[in-house]
Amino acid sequence: MKYNYLIVGSGLYGAVFAHEARARGKSVLVMDKRPNIGGNVYTENIEGINVHKYGAHIFHTNDKRVWDYITQFADFNRFTNSPVANYKGELYSMPFNMYTFNKMWGVVTPEEAEAVINRQRAEIQGEPRNLEELSISLVGRDIFEKLVKGYTEKQWGRDCKELPAFIIKRLPVRLTFDNNYFNALYQGIPIGGYTKMVENMLDGVEIRLNTDYLAHKGELDTLAERVVYTGPIDAYFGYSLGTLEYRSVRFETEVLDKPNFQGNAAVNYTDRETPWTRIIEHKWFEFGKDANGNDLPKTVISREYSSEWKPGDEPYYPVNDDKNGKLYARYKELADQEDKVIFGGRLGEYKYYDMDQVIAAALETAAELD
């Protein structure tokens, strides 16, 4: 055995675990089937702009321990996520706040907004049974129809009546003029991009890219005492119990010969007819400046299209409904019998994780090495 740990995947979970294992004197090999490190937080510099190749990643947390940990590897800027919703050319503030309610109904005071919301919420009696009913019970039918329904159905490929209610609980509703999407004490983007941050985490660690672990599992397993696997758990077991469902995302990225396309990092297209869910303009994550603080003459945009995952696609979001939960539980039983393997991260645990939660989970697992 050459290594103590073979870590499959160089995203946040794998990078944190690798850094911590090495700090504890363990020998580590990290491998990734992609040609780059960083997993889905990978950023690529195009025209001086750090482009989020696999979707927008905005770091936010209330966990000071995680914030102190991650800021060892990068300085973070003060970016605040304030997305805009575009419904058929009408622009609304996200999250739902007084700017949204003023545009929607012409109300001016929190009292007036609350009165309209309460009147519309009364449509739902009893416990909400699905995402549509919960949305209406939170913000009323007007906002649901314009700002929730189309976007959510595009994102998940299912009618809102078929989706579990818990998905929508991530949408804050405020009776203030606060455009900060996240209720987080700490928030920002690593200056210089996420790839540079992950490089710093993996400093001194041996890395093999363009290596498909599952295709060479037998020989690769002989290299290490233990394996940390951050890929899809069902793929690890050869889909022997069936395929877990994921949502995938496709990106159309363009370099535009203009300094400003939409004036905001994220614009969500909330009508059902527009095929993309949102457009990201990457330069605004770092305030439109290059590394030297100069204004950038061009811009890079990415249109995001949500789709049902199929083999060959990148899996992004687990579909955490009852059916998939039961199938995952069966795979978890198999995983628990693999005493040489640690399953971690969004795909390895089939769990919707924010970045700070991934880091916390990896730190917790690594702490057990002591």
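The numbers attached to residues start from 1 for each chain and follow its sequence in the written order. Per-residue local features of the predicted model are confined to residues with pLDDT of at least 70, and side-chain atom pairs are confined, for both listing and counting, to 80 or more; whole-chain, interface and lining totals are unaffected and use all residues. With hydrogens and water set aside, each side-chain value is computed from the structure's full complement of heavy atoms.

Student: If you had to explain helix α4 (residues 110–121) to someone new, which residues and values would you point to?
Tutor: Secondary structure elements follow DSSP: runs of H or I no shorter than four residues count as helices, runs of E no shorter than two count as strands, and numbering proceeds from the N terminus. A helix is expected to reach a length of 1.5 Å times the quantity of its residues less one. Helix length check: α4 (12 residues) gives 16 Å between terminal C-alpha atoms against 16 Å at 1.5 Å per residue, within 8%. Regarding α4, the residues found buried are A113, V116, I117 and Q120. Along the axis of α4, the buried positions cluster into a sector of 95°, meaning they face one direction only. Residues of α4 that are exposed and angled more than 90 degrees away from the buried face: E111 and R119. Contacts made by the buried residues of α4 are with α3 (98–105) and α5 (131–156). Only protein chains enter the accessibility calculation, which uses a 1.4 Å probe. A residue is then buried if its area is under 20% of the maximum for its type, exposed if over 50%, and partly exposed in between. Each C-beta atom gives one direction from the helix axis, and the arc is the one those directions make. Whether two residues are in contact is decided by their heavy atoms: any pair within 4.5 Å suffices.

Student: Could you give an account of the environment of K289, naming the residues involved and the relevant values?
Tutor: With respect to the secondary-structure elements, K289 resides in the loop between β13 (278–281) and β14 (299–308). Take K289: its relative accessible area is 35%, and that puts it in the partly exposed class. On a C-alpha basis, the gap between K289 and P311 in space is 39 Å, while along the polypeptide they are 22 residues apart.

Student: An account of the packing of aromatic side chains is needed here, citing residue identities and associated values.
Tutor: Think of it this way: a Phe, Tyr or Trp ring, Trp meaning its six-membered ring, pairs with another when their centres are within 6.5 Å, and the plane angle makes it stacked under 30 degrees, edge-to-face over 60, tilted otherwise. Here the structure, examined in full by the defined rule, presents 26 aromatic pairs. Arranged with centres 6.1 Å apart and planes meeting at 70°, the rings of F251 and Y316 form a pair that is edge-to-face. Pair noted here: F251 is in strand β11 (residues 246–256) and Y316 is in the loop between β14 and β15 (317–318), with a separation of 65 residues, a long-range link. Taking the relative accessible area as the measure of exposure, F251 reaches 22% and is therefore partly exposed. On the basis of relative accessible area, Y316 is assigned to the buried category, the value being 5%. Taking 6.4 Å as the distance between ring centres and 40° as the angle between the ring planes, the aromatic pair formed by Y316 and Y317 counts as tilted. For the pair Y316 and Y317, a shared accessibility class is recorded, and that class is buried. What links up through ring pairs into an aromatic cluster is the set Y213, Y229, Y236, F237, Y331 and F343. Over the aromatic face of Y54 sits the side chain of R34, whose NZ or CZ is 3.7 Å from the ring centroid. Note on criteria: charge over ring means Lys NZ or Arg CZ within 6 Å of the ring centre, with the direction from the centre no more than 35 degrees off the ring normal.

Student: So, unusual backbone geometry: which residues are in play, and what are the values?
Tutor: Glycine aside, the phi torsion of most residues is negative, and most peptide linkages are trans. The step from M94 to P95 runs through a cis peptide bond, and the omega angle for that step is 0°. Relative to the elements of secondary structure, P95 occurs in the loop between β7 (90–93) and α3. If you check the backbone angles, E47 has positive phi at about 55° while not being a glycine. Looking at the secondary structure, you find E47 in the loop between β3 (43–46) and β4 (49–52).

Student: Kindly report on the packing of α3 against α4, identifying the contributing residues and their values.
Tutor: Think of each axis as a best-fit line through the C-alpha atoms, taken over the contacting stretch in the case of a helix, with angles from 0 to 180 degrees between the N-to-C directions. At a minimum axis distance of 10 Å, the contact between α3 and α4 shows a crossing angle of 70°. Here α3 is positioned roughly perpendicular relative to α4, judged by the angle of their axes. Pair α3 / α4 crosses with left-handed handedness. Here M98, F101 and W105 of α3 lie close against α4, whose contacting residues are P110, A113, V116, I117 and Q120. Only Asp, Glu, Lys and Arg are considered charged in this grouping, and only Ala, Val, Leu, Ile, Met, Phe, Trp, Tyr, Cys and Pro are considered nonpolar; every other residue, Gly among them, is considered polar. Of the residues that constitute the contact of α3 with α4, the class distribution is seven nonpolar, one polar and no charged. Between 65 and 115 degrees an angle is taken as roughly perpendicular, under 35 as roughly parallel, over 145 as roughly antiparallel, and anywhere else as oblique. Helix crossings fall into two classes, left-handed where the near helix is turned counterclockwise from the far one by less than a right angle and right-handed where it is turned clockwise.

Student: Summarise the sheet that holds β7; cite the residues concerned and give the values.
Tutor: Each pair of strands is called paired provided DSSP finds at least two bridges between the two strands. Spatially, β7-β6-β12-β13-β14-β11-β15 is the arrangement adopted by the seven strands of the open sheet, whose pairing is mixed. What marks the edges here is a single partner per strand, and that holds for β7 and β15. Sheet analysis places strand β12 (residues 266–269) next to β13, joined by three bridges and oriented antiparallel. Its bridge partner being in β13, N268 is matched across the sheet by R278.

Student: An account of the sheet that holds strand β1 (residues 3–8) is requested, with residue identities and associated values reported.
Tutor: Pairing is parallel in the open sheet, where five strands are placed in the order β9-β2-β1-β10-β16. Both edges of this open sheet fall to β9 (206–208) and β16 (341–343), since each of them pairs with a single strand only. On average, each strand axis in the sheet is inclined to that of its neighbour by 20°, with strand direction left out of account. Pairing of strand β2 (residues 28–31) with β9 involves three bridges; the strand directions are parallel. Paired with L29 across the two strands is E206, which belongs to β9.

Student: Describe the side chain of T274, naming the residues involved and giving the relevant values.
Tutor: Relative to the helices and strands, T274 is located in the loop between β12 and β13. Accessibility expressed as a relative area gives 16% for T274, which makes it buried. Not counting residues up to four positions away in its chain, the partners in contact with T274 are K154 and Y269.

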